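Spelled out, the chains give:
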Amino acid sequence: MALSTDLERTQVFQQDGFALTGELLSMAEVETYRNIYDRLLSGEIESGDKRSDLASHVPRRAGVRENITQIMWPSALHAPLKDLPLHSRALTMARELIGDDAVLDFDMLIHKAPHSGVATPWHQDAAYWIDLPDTRAVSIWVALDDATVDNGCMWYIRGSHQKPIRPHRPTSDGRNIECDCSEDEPGATAVPLSLGEGVAHAGGTLHYSRGNISDRTRRAWILNYRPADMIRLEREQGMDHGLENNERMVRNADAADVVDGVDAADGVDAVDSGD
(Lines give C-alpha, C1' and ligand atoms only; values in the text may rest on other atoms or scores of the structure.)
Protein backbone atom coordinates (compact mmCIF):
# COMPACT_ATOMS: atom_id res chain seq x y z
CA MET A 1 0.00 0.00 0.00
CA ALA A 2 2.86 2.41 -0.65
CA LEU A 3 1.43 5.78 -1.66
CA SER A 4 3.19 8.72 -3.26
CA THR A 5 0.51 11.31 -4.14
CA ASP A 6 -2.84 12.53 -2.86
CA LEU A 7 -4.45 11.41 -6.13
CA GLU A 8 -3.23 7.87 -5.59
CA ARG A 9 -4.51 7.87 -1.99
CA THR A 10 -7.96 8.98 -3.10
CA GLN A 11 -8.03 6.32 -5.79
CA VAL A 12 -6.95 3.63 -3.32
CA PHE A 13 -9.65 4.74 -0.86
CA GLN A 14 -12.33 4.63 -3.53
CA GLN A 15 -11.20 1.24 -4.82
CA ASP A 16 -10.29 -0.59 -1.62
CA GLY A 17 -12.43 1.18 1.00
CA PHE A 18 -9.35 2.07 3.07
CA ALA A 19 -6.08 3.94 2.55
CA LEU A 20 -3.03 4.97 4.52
CA THR A 21 -2.89 8.63 5.56
CA GLY A 22 0.81 8.76 6.37
CA GLU A 23 2.03 10.60 9.47
CA LEU A 24 -0.60 12.79 11.11
CA LEU A 25 1.25 13.45 14.39
CA SER A 26 4.90 13.95 15.24
CA MET A 27 6.43 12.08 18.17
CA ALA A 28 6.14 15.19 20.37
CA GLU A 29 2.49 15.61 19.37
CA VAL A 30 1.82 11.92 20.06
CA GLU A 31 3.04 12.49 23.63
CA THR A 32 0.57 15.37 24.04
CA TYR A 33 -2.31 13.21 22.84
CA ARG A 34 -1.19 10.25 24.95
CA ASN A 35 -1.30 12.45 28.05
CA ILE A 36 -4.90 13.49 27.37
CA TYR A 37 -5.84 9.93 26.37
CA ASP A 38 -4.43 8.48 29.59
CA ARG A 39 -6.21 11.13 31.69
CA LEU A 40 -9.49 10.11 30.06
CA LEU A 41 -8.69 6.44 30.58
CA SER A 42 -7.79 6.91 34.26
CA GLY A 43 -10.90 8.99 34.95
CA GLU A 44 -8.98 12.18 35.72
CA ILE A 45 -11.03 13.63 32.85
CA GLU A 46 -14.50 12.27 33.58
CA SER A 47 -16.21 10.49 30.68
CA GLY A 48 -19.49 9.42 32.35
CA ASP A 49 -21.85 7.46 30.12
CA LYS A 50 -19.65 8.07 27.08
CA ARG A 51 -17.43 5.22 28.28
CA SER A 52 -18.26 1.60 27.41
CA ASP A 53 -16.81 -1.84 26.67
CA LEU A 54 -16.69 -2.88 23.02
CA ALA A 55 -16.31 -6.51 24.11
CA SER A 56 -18.69 -6.67 27.06
CA HIS A 57 -19.94 -10.02 25.74
CA VAL A 58 -16.62 -11.65 26.71
CA PRO A 59 -16.10 -12.52 30.42
CA ARG A 60 -13.62 -10.13 32.02
CA ARG A 61 -10.64 -11.13 34.07
CA ALA A 62 -10.70 -10.20 37.76
CA GLY A 63 -10.00 -6.51 38.29
CA VAL A 64 -10.54 -5.57 34.65
CA ARG A 65 -13.05 -2.76 34.07
CA GLU A 66 -13.42 -3.28 30.31
CA ASN A 67 -12.06 -5.75 27.80
CA ILE A 68 -11.84 -3.02 25.14
CA THR A 69 -12.40 0.52 26.41
CA GLN A 70 -14.25 2.97 24.17
CA ILE A 71 -14.77 6.62 25.08
CA MET A 72 -16.99 8.63 22.75
CA TRP A 73 -16.58 12.34 22.10
CA PRO A 74 -13.22 13.11 23.77
CA SER A 75 -13.33 16.50 22.03
CA ALA A 76 -16.54 17.31 23.93
CA LEU A 77 -15.16 15.98 27.21
CA HIS A 78 -11.94 18.01 26.89
CA ALA A 79 -12.49 21.19 24.86
CA PRO A 80 -8.76 22.06 24.32
CA LEU A 81 -8.53 19.09 21.94
CA LYS A 82 -10.26 21.09 19.24
CA ASP A 83 -7.34 23.54 19.15
CA LEU A 84 -4.70 20.82 18.84
CA PRO A 85 -3.48 19.77 15.37
CA LEU A 86 -5.14 16.38 14.84
CA HIS A 87 -8.67 17.62 14.23
CA SER A 88 -7.45 20.09 11.61
CA ARG A 89 -5.19 17.59 9.84
CA ALA A 90 -7.80 14.83 9.89
CA LEU A 91 -10.38 17.25 8.45
CA THR A 92 -8.02 18.08 5.59
CA MET A 93 -7.57 14.35 4.94
CA ALA A 94 -11.32 13.71 5.10
CA ARG A 95 -12.04 16.45 2.56
CA GLU A 96 -9.41 15.01 0.26
CA LEU A 97 -11.04 11.57 0.45
CA ILE A 98 -14.80 12.29 0.44
CA GLY A 99 -15.24 15.95 -0.56
CA ASP A 100 -14.97 19.54 0.58
CA ASP A 101 -18.31 19.41 2.43
CA ALA A 102 -16.95 16.96 5.02
CA VAL A 103 -17.05 18.04 8.66
CA LEU A 104 -16.50 16.23 11.96
CA ASP A 105 -19.40 13.96 12.91
CA PHE A 106 -17.85 12.48 16.09
CA ASP A 107 -14.60 11.25 17.57
CA MET A 108 -13.66 8.45 19.97
CA LEU A 109 -10.86 6.64 21.78
CA ILE A 110 -10.43 2.86 21.74
CA HIS A 111 -7.97 1.18 24.07
CA LYS A 112 -6.58 -2.37 24.12
CA ALA A 113 -4.51 -3.09 27.21
CA PRO A 114 -1.51 -5.47 27.15
CA HIS A 115 -2.54 -9.14 27.24
CA SER A 116 -6.25 -8.24 27.14
CA GLY A 117 -6.51 -10.68 24.24
CA VAL A 118 -10.08 -9.85 23.16
CA ALA A 119 -10.88 -9.19 19.51
CA THR A 120 -13.18 -6.45 18.27
CA PRO A 121 -15.90 -8.28 16.29
CA TRP A 122 -16.10 -7.91 12.51
CA HIS A 123 -18.58 -5.19 11.54
CA GLN A 124 -19.30 -2.27 9.24
CA ASP A 125 -19.65 1.18 10.82
CA ALA A 126 -22.62 1.94 8.57
CA ALA A 127 -24.58 -0.77 10.37
CA TYR A 128 -24.76 1.55 13.41
CA TRP A 129 -25.96 4.55 11.43
CA ILE A 130 -29.37 5.69 10.22
CA ASP A 131 -30.13 5.50 6.50
CA LEU A 132 -29.02 8.67 4.73
CA PRO A 133 -29.36 9.76 1.08
CA ASP A 134 -25.63 10.52 0.90
CA THR A 135 -23.55 7.67 2.34
CA ARG A 136 -20.14 9.31 2.03
CA ALA A 137 -18.23 8.91 5.30
CA VAL A 138 -14.68 8.32 6.43
CA SER A 139 -13.21 7.22 9.75
CA ILE A 140 -9.59 8.18 10.34
CA TRP A 141 -7.90 5.76 12.76
CA VAL A 142 -4.73 7.21 14.31
CA ALA A 143 -2.15 5.10 16.17
CA LEU A 144 -0.78 6.56 19.41
CA ASP A 145 1.38 3.44 19.77
CA ASP A 146 2.90 1.23 17.11
CA ALA A 147 -0.07 -0.88 15.97
CA THR A 148 0.90 -4.44 15.06
CA VAL A 149 -0.94 -7.65 14.30
CA ASP A 150 -0.16 -8.88 17.83
CA ASN A 151 -1.47 -5.81 19.67
CA GLY A 152 -4.54 -5.19 17.54
CA CYS A 153 -3.90 -3.28 14.32
CA MET A 154 -6.83 -2.84 11.97
CA TRP A 155 -7.89 -5.51 9.45
CA TYR A 156 -10.04 -4.68 6.43
CA ILE A 157 -11.75 -6.57 3.63
CA ARG A 158 -10.61 -4.83 0.45
CA GLY A 159 -13.54 -3.69 -1.72
CA SER A 160 -16.24 -4.62 0.81
CA HIS A 161 -17.58 -1.04 0.84
CA GLN A 162 -18.77 -1.55 -2.74
CA LYS A 163 -21.09 -4.41 -1.76
CA PRO A 164 -24.34 -4.39 0.24
CA ILE A 165 -24.09 -4.04 4.00
CA ARG A 166 -24.07 -7.48 5.58
CA PRO A 167 -26.67 -8.55 8.12
CA HIS A 168 -25.50 -7.72 11.63
CA ARG A 169 -26.66 -9.30 14.87
CA PRO A 170 -26.28 -8.46 18.54
CA THR A 171 -23.36 -9.94 20.42
CA SER A 172 -24.36 -12.45 23.10
CA ASP A 173 -25.03 -9.77 25.73
CA GLY A 174 -26.95 -7.56 23.28
CA ARG A 175 -24.70 -4.54 23.81
CA ASN A 176 -22.65 -4.53 20.59
CA ILE A 177 -23.00 -5.96 17.10
CA GLU A 178 -21.12 -8.27 14.77
CA CYS A 179 -21.40 -9.89 11.37
CA ASP A 180 -20.04 -12.97 9.67
CA CYS A 181 -16.54 -12.42 8.31
CA SER A 182 -13.01 -13.73 8.83
CA GLU A 183 -9.36 -13.15 8.03
CA ASP A 184 -9.68 -15.95 5.47
CA GLU A 185 -11.99 -13.93 3.20
CA PRO A 186 -10.60 -12.68 -0.11
CA GLY A 187 -9.17 -9.20 0.32
CA ALA A 188 -8.53 -9.51 4.08
CA THR A 189 -5.66 -7.15 4.86
CA ALA A 190 -3.86 -6.31 8.10
CA VAL A 191 -2.69 -2.68 8.33
CA PRO A 192 0.16 -2.23 10.85
CA LEU A 193 1.00 1.41 11.63
CA SER A 194 3.81 3.29 13.32
CA LEU A 195 2.78 5.68 16.08
CA GLY A 196 1.49 8.96 14.66
CA GLU A 197 0.33 7.34 11.42
CA GLY A 198 -3.27 6.78 10.37
CA VAL A 199 -5.51 4.72 8.15
CA ALA A 200 -8.82 5.94 6.71
CA HIS A 201 -11.78 3.67 5.97
CA ALA A 202 -15.25 4.09 4.49
CA GLY A 203 -18.47 3.50 6.40
CA GLY A 204 -19.20 0.31 4.50
CA THR A 205 -15.75 -1.26 4.82
CA LEU A 206 -15.70 -4.52 6.79
CA HIS A 207 -13.13 -4.37 9.58
CA TYR A 208 -12.04 -5.76 12.90
CA SER A 209 -8.94 -6.05 15.06
CA ARG A 210 -7.42 -8.97 16.92
CA GLY A 211 -7.02 -9.00 20.68
CA ASN A 212 -3.87 -7.53 22.16
CA ILE A 213 -1.63 -10.47 23.09
CA SER A 214 1.52 -8.34 23.37
CA ASP A 215 3.30 -6.68 26.31
CA ARG A 216 2.47 -3.22 24.94
CA THR A 217 -0.64 -1.07 25.11
CA ARG A 218 -2.51 -0.13 21.94
CA ARG A 219 -4.04 3.34 22.02
CA ALA A 220 -6.09 4.57 19.07
CA TRP A 221 -7.82 7.89 18.33
CA ILE A 222 -10.60 7.78 15.73
CA LEU A 223 -12.27 10.74 14.01
CA ASN A 224 -15.32 10.33 11.76
CA TYR A 225 -16.38 12.75 9.01
CA ARG A 226 -19.35 13.03 6.65
CA PRO A 227 -21.07 15.80 4.67
CA ALA A 228 -22.42 18.65 6.79
CA ASP A 229 -25.92 18.27 5.31
CA MET A 230 -26.00 14.61 6.37
CA ILE A 231 -24.95 15.49 9.91
CA ARG A 232 -27.84 17.92 10.08
CA LEU A 233 -30.19 15.13 9.00
CA GLU A 234 -28.71 12.82 11.63
CA ARG A 235 -29.15 15.35 14.41
CA GLU A 236 -32.72 16.15 13.33
CA GLN A 237 -33.49 12.44 13.79
CA GLY A 238 -31.81 12.26 17.18
CA MET A 239 -28.61 10.52 16.05
CA ASP A 240 -25.63 12.20 17.71
CA HIS A 241 -23.38 9.20 18.38
CA GLY A 242 -23.72 9.49 22.14
CA LEU A 243 -23.14 13.22 22.54
CA GLU A 244 -26.54 13.89 24.12
CA ASN A 245 -28.75 10.97 23.16
CA ASN A 246 -27.03 7.87 24.51
CA GLU A 247 -29.60 5.44 23.13
CA ARG A 248 -27.17 4.11 20.58
CA MET A 249 -29.14 1.64 18.53
CA VAL A 250 -28.39 -0.41 15.43
CA ARG A 251 -30.27 1.76 12.94
CA ASN A 252 -29.36 0.98 9.33
CA ALA A 253 -32.19 -1.04 7.80
CA ASP A 254 -29.86 -2.80 5.36
CA ALA A 255 -27.83 -4.21 8.27
CA ALA A 256 -30.77 -5.71 10.16
CA ASP A 257 -30.60 -9.47 10.64
CA VAL A 258 -34.22 -10.52 10.17
CA VAL A 259 -35.26 -13.88 11.60
CA ASP A 260 -38.86 -15.10 11.23
CA GLY A 261 -39.99 -11.59 10.43
CA VAL A 262 -38.44 -10.09 13.57
CA ASP A 263 -35.65 -7.57 13.38
CA ALA A 264 -32.90 -9.13 15.50
CA ALA A 265 -31.22 -5.75 15.83
CA ASP A 266 -34.34 -4.28 17.46
CA GLY A 267 -33.51 -2.92 20.86
CA VAL A 268 -29.77 -3.45 20.71
CA ASP A 269 -27.90 -0.87 22.78
CA ALA A 270 -24.75 -0.44 20.71
CA VAL A 271 -21.98 2.07 20.26
CA ASP A 272 -20.28 3.32 17.14
CA SER A 273 -17.09 1.45 16.54
CA GLY A 274 -14.09 2.43 14.46
CA ASP A 275 -12.03 -0.53 15.59
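Residues numbered from 1 in each chain as written. Predicted model: local features only at pLDDT ≥ 70, side-chain atom pairs only at ≥ 80, totals over all residues. Heavy atoms only, no water.

Participant: Lay out the pairing of strand β10 (residues 188-191) in plain terms, naming residues and giving numbers.
Facilitator: Judged by which residues are buried, β10 turns out to be one-sided: Thr189 and Val191 face inward and are buried, whereas Ala188 and Ala190, on the alternate face, are not. Pairing analysis gives four bridges linking strand β7 (residues 154-157) to β10, with the strands arranged antiparallel. Paired with Trp155 across the strands is Ala190, a residue of β10. (Buried < 20%, exposed > 50% of the residue type's maximum accessible area, 1.4 Å probe, protein only. Helix = DSSP H or I, 4+ residues; strand = E, 2+ residues; numbered from the N terminus. Pairing = 2+ DSSP bridges.)

Participant: Provide a residue-level description of the side chain of His111, including the pertinent values.
Facilitator: Of note, His111 is situated in strand β4 (residues 102-112). Setting aside chain neighbours within four positions, we find His111 in contact with Tyr37, Leu41, Ile68, Thr69, Thr217, Arg218 and Arg219. (Contact = heavy atoms within 4.5 Å.)

Participant: Tell me about the pattern of salt bridges, and name the residues and values.
Facilitator: Summed over the entire model, instances satisfying the criterion amount to 22 salt bridges. Measuring nitrogen to oxygen at the nearest pair gives 2.7 Å for the salt bridge that ties Arg166 to Glu185. You can see Arg166 sitting in the loop between β7 and β8 (169-170) and its partner Glu185 sitting in the loop between β9 (177-178) and β10, a full 19 residues away along the chain. Given the relative accessible area of 25%, Arg166 is considered partly exposed. (Salt bridge = Lys/Arg side-chain N within 4 Å of Asp/Glu carboxyl O.)

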